[in-house]
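Geometric and topological summary
Given next are the chains, with one letter for each unit.
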Amino acid sequence: MAKELAKAEDFFLKKFNLNALELEQTVGKALGKQIDYADLYFEYRTNESVSLEEGMVKKAVKSVGQGVGVRAVAEEKTGYAYSDEITVKNLAEAARTARYIADDSTVGKPVPVRSGAVGTGLYPVKTPVSDISVQEKIDLLNQIDILARRYDPRITKVMASFASEHKVILIVTSDGLIVGDVQPLSRLNVTCIAEENGNRQIGSYGGGGRVEYSFFLENRRFEDYTQEAARQAILNLSAVDAPAGTMDVVLGPGWPGILLHEAIGHGLEGDFNRKQTSAFAGLIGKSVASELCTIVDDGTIPGRRGSLNVDDEGTPTHRTVLIEKGILKGYLQDKLNAKLMGMAPTGNGRRESFMHIPMPRMTNTFMLAGESDPNEIIRSVKNGLYAVSFGGGQVDITSGKFVFSASEAYRIEDGKVTAPVKGATLIGNGPDVLKRVTMVGNDLQLDAGVGTCGKDGQSVPVGVGLPTLKINGITVGGTQG
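Not measured: the values here are computed from a predicted model.

In this section: the pattern of salt bridges. Taken as a whole and assessed by the stated rule, the structure comprises 29 salt bridges. One salt-bridge network, in which partners are shared between bridges, spans Asp39, Arg71 and Glu313.

Written as structure tokens, this is what we have:
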């Protein structure tokens, strides 16, 4: 085991053209009498994207970048500096800058570092997607274009894209830890536009994760994505205006978990609760949801888009129970907020790149399955809405209020799913909605792997999930006159 760790450490040091002594000295330069903690975050990233529109290559881009971020923390005060050129000189300058920002002019001593765990094998990709030729990816997108147009002659426009990332990170902390990880990420998206008698509708679908290119070819998975995007576009041509008012709403499994992520998940992140700006602040141990609701954040699921061997502070990710049978159990924490709140880190310290400071963020957030049959849930609704997929939305973290637009939804009439509707929005309050959950299905699904979460100007890949869910008496905004 010691030999394996040494070999892994050597790989990461060579990747950034560094040695252990230089790292120890840099961490020491970031420390001072007032500094509680310091760390270095190295990153080497390769990004590729290819997109096709109307059978023509619209964009083919490849970029390579690297850099290092240096952080110095003194209680609640944080100094952060970064450089896109990794040299001993620039490391020293970034360390001094971070220390000065944190208001400490003294210089610490070198910090001995030791090898930490280098991942736990959540995404053992042998062939980076960047090794697959651009032409092969273009050929795949061309197949998608042909398949979508064959689905229905009313499909008039097809857009398909493939994006991938291959990231190598190395984290060194003043706790004496050095840990690295290699993080692949891929995503295939298909968008179809259908037209009929002046009516123009759109459908989109896609998927991916921390997977190999072959993932999209297995069992012709790319064809499933294509057919689903085309199906949504054609379906929406026959959609009627959505009703408006207060009614029972059934959320479908999988992607509708984005509502859970936005309306509830962000409110459970540690920084919002430490600052008392979350609707869930100070409520640990109290009932915040129906006893049918158990919500977890799990960054340890193999291959998932939101999963990580270690977070961006070097902490192994966890399966964190946030709400258990309606009772709030805890928050998502990075190292800084965990220390200030007297709690343990949960492996949720995440950042967009070396240019950004880490903060508490979700990984894969979902509600656990219940005991109800999904068909039974539908039959229990006399007059309501069945929301299968969502587009955009807005949420206020402090109040928990949200507005979400449904991209695919249906009327429920006398216990049966009937006409598809367009223009439906769900309006409510996250904590209040959780208390209105009256049935939870036994059909938990995770999304296909397309989620990206934004917070304070930073974007990170995430996953969501949900079983079929019944919510009593939620406000639906519609376009029906």
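Here the narrative resumes.
This next bit is on the packing of aromatic side chains. Considering all chains together, one arrives at 10 aromatic pairs under this definition. For the ring pair Phe162 and Tyr213, a centre distance of 5.5 Å and an interplane angle of 70° mean the geometry is edge-to-face. With Phe162 in strand E5 (residues 155-173) and Tyr213 in the loop between strand E7 (199-209) and helix H5 (221-237), the pair connects residues that are 51 residues apart, well separated along the chain. Per residue, the accessibility class of Phe162 equals that of Tyr213, and both read buried. Residues Phe215 and Phe216 carry aromatic rings whose centres are separated by 5.3 Å and whose planes lie at 90° to one another, so their mutual orientation is edge-to-face. Residue Phe216 is classed as buried on the basis of its relative accessible area, which comes to 0%. By way of ring pairs, the aromatic residues Phe162, Tyr213, Phe215 and Phe216 are connected into one cluster.

You can read the domains of the protein chain as domain 1 (2-237) and domain 2 (244-477). Across the boundary between the two partners, domain 1 contributes 51 residues, which contact 39 residues of domain 2. Counting the surface lost from both domain 1 and domain 2, the interface buries some 3,300 Å², and carbon and sulfur atoms represent 53% of this. Contact with domain 2 buries surface across domain 1, with Arg71, Leu122 and Arg210 losing the most and accounting together for 19% of the total.

With mixed pairing, 6 strands are arranged side by side in an open sheet as E12-E11-E10-E15-E24-E21. Sheet topology places strand E12 (327-328) and strand E21 (445-446) at the edges, where each strand pairs with a single neighbour. Alignment of strand E11 (residues 319-324) against E12, held across 2 bridges, turns out to be antiparallel. From the neighbouring strand, Ile323 faces E12, where its bridge partner is Leu328. Sheet contacts for helix H6 (residues 257-265): strand E10 (295-298), strand E15 (364-367) and strand E24 (463-466); angle to E24, the most-contacted strand, approximately 115°.

Bringing the packing of helix H4 (residues 134-151) against H5 into the picture now. Viewed as axis vectors pointing N to C, H4 and H5 meet at an angle of 40°, and their least axial separation amounts to 9 Å. Between H4 and H5, the angle falls in the class oblique. Every pair of crossing elements has a handedness; the one defined by H4 and H5 is right-handed. The segment H4 lies against H5, with Leu140, Gln143, Ile144, Leu147, Ala148 and Tyr151 engaging Phe222, Glu223, Thr226, Gln227, Ala230, Arg231 and Ile234.

What counts, and where the lines are drawn
Counting restarts for each chain, with residues numbered from 1 along the sequence as it is written. Whole-chain, interface and lining totals are the exception, using all residues; otherwise, since this is a predicted model, local features are given only for residues with pLDDT of at least 70 and side-chain atom pairs are given and counted only at 80 or more. Think of the side-chain values as coming from all heavy atoms in the structure, minus any hydrogens and water. Take a side-chain nitrogen of Lys or Arg and a carboxyl oxygen of Asp or Glu: if they are within 4 Å of each other, that pair is a salt bridge. Pairs were defined over the aromatic rings of Phe, Tyr and Trp, the Trp ring being its six-membered one, requiring ring centres within 6.5 Å. Orientation was assigned from the angle between planes: stacked under 30 degrees, edge-to-face over 60, tilted for the rest. Segments assigned H or I by DSSP are reported as helices when at least four residues long, segments assigned E as strands when at least two residues long, and all are numbered from the N terminus. Here's how the labels work: a residue is buried when its accessible area is under 20% of the maximum for its type, exposed when over 50%, partly exposed in between, all with a 1.4 Å probe on protein chains only. Reported domain spans reflect what an automatic or database domain assignment gives. For this analysis, residues touch if any pair of their heavy atoms sits within 4.5 Å. Here the quantity called buried area is the total loss of accessible area, with a 1.4 Å probe, experienced by two parts when brought into contact, counted for both. Strands were regarded as paired on the criterion that DSSP finds at least two bridges between them. Axes here refer to lines fitted to C-alpha atoms; in helices the fit is confined to the stretch in contact. Angles between the N-to-C directions go from 0 to 180 degrees. By definition in this entry, angles of less than 35 degrees are roughly parallel, angles greater than 145 are roughly antiparallel, angles of 65 to 115 are roughly perpendicular, and the rest are oblique. Working rule for handedness: look at the near helix, and if it is turned counterclockwise from the far one by less than a right angle, call the crossing left-handed; if clockwise, right-handed.

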